[in-house]
Amino acid sequence: MRIRYYILLLFVLCSLSLSAQMGGVDWCDLLGSDFTDREVCEKCAAQQKAPDYYCDCHTGFQMYYGLDTIISDTTWLWTKVKDVRYTGISAFWFSDSPVKIEAFIQCVQFTPYMEAQVGANRIYTLDNSGIQKIIDAANLGPAIDNFKIRFRVYPTKKGGSGRFIALRYGEGLRSTCDTEVFPVYFGIKYPLSYSENVYQLTPDRIPASPFFVQWRQEKGKPAVMSISVGECTAAPVVKDVQLIDSTKVYFPPAGLLQKAKDENKTLFFHCAHADDVYGTLMFVNPVRWETTRIDTALCLGKGLDLLTNVFYEDTVYRDTAWVKDNICALTEYNLTVTQPEPQDTTVTLTADELRNYRFLGFRRFSAFGTYDVYHEKEGECTDLYHVNVVENVLSETEDANAVFTVAPTGAMAGQPIELSLTATAQVTLTDLLGRTIYAATLQPGTHMLTIDAAGNYFLQLRTDRAVYNQRLMVK
């Protein structure tokens, strides 16, 4: 019985061989589902007139979130559509060589549904809309979820090799002092999905020219950066730099960079943010500058308001702001503050009045004399008063009532006030702030004064022999 079985099997094999020689074998029917028989696979591909990568396409290995592998030659990766359709892919490529990524769904395709050239040390992202474009191009109907997207990945530089890491779209690398600390690569937009992240810059890679750090967060939520030297866990030498606005980039101190380079020490950039905040961090070098100089002259007290700083003195201030890509605007403000012209005024007071008097409502005088008084007003130019404070001394031989009379001393606003003089006098009317309301040299006789605004006023009469003061109250 066993002999008959072997004779029958030999007959079948001989028949298949003869049929193959006659060209009648369907090699694809003989090909197992695992496509491991290379010879049969290549014959199947030839029968289908499929691309030369047909067999490699079928024998790739699964790509999953967290995949971390070295790619030095053409590598095929696959994932089911349903596993990435709504979460997308972020592919990190760390290498000195660019890499090409192509997407297929059927291995008999000659043209990929998607292809991308990814530069050295860069991230390629494919969000759910990008996955959907591949699905739409395949046009395979509702059963598409069970199909595989097959990615062909290969370095484009001869002999090129690199590290390939696959994560969900928008997910960042786990880079901490307790795990692996990833390098600073200039130009990469690092997604920060963890609340604490660290990136290291070795001394041999510290650039000779300045570089900036930029934080982007769609809702404007801040992040905080610190820098340690030598060891990841060392105490920071730069602490709690606020990264808030993408236009306000941070330039690490040039002295710190040069010192680390001279001492052959690694710099560690620690970035922290709230648990519910997702953003991107980018290190940019080289930097291109667009320079503008603005010469500004402002009066004392007005101030140059630059949102984050207000300047009130002569100064040169340089403000930097990100424009786009690696371009920053450098605006140099050359501020000149002009001093106010002094306003001369005289205040005559008795010794008793001096103790309680406040010029312009705020400035006290400790003694009779000359003072410079600066009156600051928010958002306006500062006034300068040159105040001569003199003592009011009445002549012992002259009675004030014999020189002048004022009636009424308490009047209504707009009511005429009668001033009678028996001698020529310089007449000055001031308010409590020291502002002159009326001034004239009057001859002997009767004169009428009208005060339109209610308040307390001082009427001063100066003759060639004495100075007299009279308080007036207007309601």
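Preceding this paragraph is the structure being described.
Residues numbered from 1 in each chain as written. Predicted model: local features only at pLDDT ≥ 70, side-chain atom pairs only at ≥ 80, totals over all residues. Heavy atoms only, no water.

S.K.: Before we go on, may I ask you to explain the overall build of the chain in this structure?
M.R.: Looking only at helices and strands, the chain has nine helices and 33 strands in total. Its C-alpha radius of gyration of 44 Å places the chain more than 25% over the 23 Å reference for a compact globule of 475 residues. Overall size of the chain, expressed as C-alpha extent along the three principal axes, is 160 × 55 × 35 Å. Burial analysis of the chain (475 residues in total) assigns 41% to the buried set. (Helix = DSSP H or I, 4+ residues; strand = E, 2+ residues; numbered from the N terminus. Rg over C-alpha atoms; globule rule 2.2 N^0.38 Å. Buried < 20%, exposed > 50% of the residue type's maximum accessible area, 1.4 Å probe, protein only.)

S.K.: In this structure, what is going on with helix H3 (residues 38-48)? I would like to understand it.
M.R.: By the burial criterion, the buried members of H3 are Val 40, Cys 41, Cys 44 and Ala 45. For H3, the angular spread of the buried residues around the axis is 140 degrees, confining them to a single face. Exposed side of H3, more than 90 degrees from the buried face: Glu 39 and Ala 46 are the residues found there. Against helix H2 (27-30) and helix H4 (54-58) lie the buried residues of H3. Lys 49 occupies a position one or two residues after H3 and carries a positive phi of about 55 degrees. (Arc of directions from axis to C-beta. Contact = heavy atoms within 4.5 Å.)

S.K.: What is the right way to read the sheet that holds strand E7 (residues 122-126) from this model?
M.R.: In a beta sheet, neighbouring strands pair by backbone hydrogen bonds and run either parallel or antiparallel. Pairing in this open sheet of four strands is antiparallel, and the strands run E2-E9-E4-E7 from one edge to the other. The sheet is open, and its two edges are formed by strand E2 (68-71) and E7, each paired on a single side. Sheet twist, expressed as the mean angle between neighbouring strand axes with direction ignored, is 25 degrees. Taken together, the four bridges between E2 and strand E9 (residues 162-167) define a ladder with antiparallel strand orientation. (Pairing = 2+ DSSP bridges. Axes fitted to C-alpha atoms, helices over the stretch in contact; angles between N-to-C directions.)

S.K.: Any chance you could explain the packing of aromatic side chains here in plain terms?
M.R.: Aromatic rings considered in pairs are described by the distance between their centres and by the relative angle of their planes. If you walk through the whole model with that rule in mind, you get 19 aromatic pairs. Geometrically, the ring pair formed by Phe 92 and Phe 94 is tilted, given 6.3 Å between the ring centres and 40 degrees between the ring planes. By relative accessible area, Phe 92 is classed as buried at 0%. With centroids separated by 6.2 Å and ring planes inclined at 70 degrees, the aromatic side chains of Phe 211 and Phe 269 adopt a geometry described as edge-to-face. Here the residue Phe 211 occupies a position in the loop between strand E12 (196-201) and strand E13 (212-216), and Phe 269 occupies one in strand E16 (residues 267-272), the gap between them amounting to 58 residues. In terms of burial, Phe 211 and Phe 269 fall into one category: buried. (Phe/Tyr/Trp six-rings, centres within 6.5 Å; stacked < 30°, edge-to-face > 60°.)

S.K.: Can you help me understand the sheet that holds strand E31 (residues 445-450) in this one?
M.R.: The three strands lie next to each other as E26-E28-E31, forming an open sheet whose pairing is antiparallel. The two strands at the open ends of the sheet, each matched to only one other strand, are strand E26 (404-407) and E31. Neighbouring strand axes in the sheet, compared pairwise and without regard to direction, differ in orientation by 20 degrees on average.

S.K.: When you look at the side chain of Gln 217 in this model, what are you seeing that I'm missing?
M.R.: Considering the arrangement of structural elements, one finds Gln 217 in the loop between E13 and strand E14 (223-229). Note on Gln 217: relative accessible area 16%, which makes it buried. Among the polar contacts made by the side chain of Gln 217, one reaches the main-chain amide nitrogen of Lys 221 at a distance of 3.1 Å. Those residues in contact with Gln 217 that lie beyond four places of it in its chain are Val 277, Tyr 278 and Gly 279. (Polar contact = N/O pair within 3.5 Å; in protein donor to acceptor, adjacent residues only side chain to side chain.)

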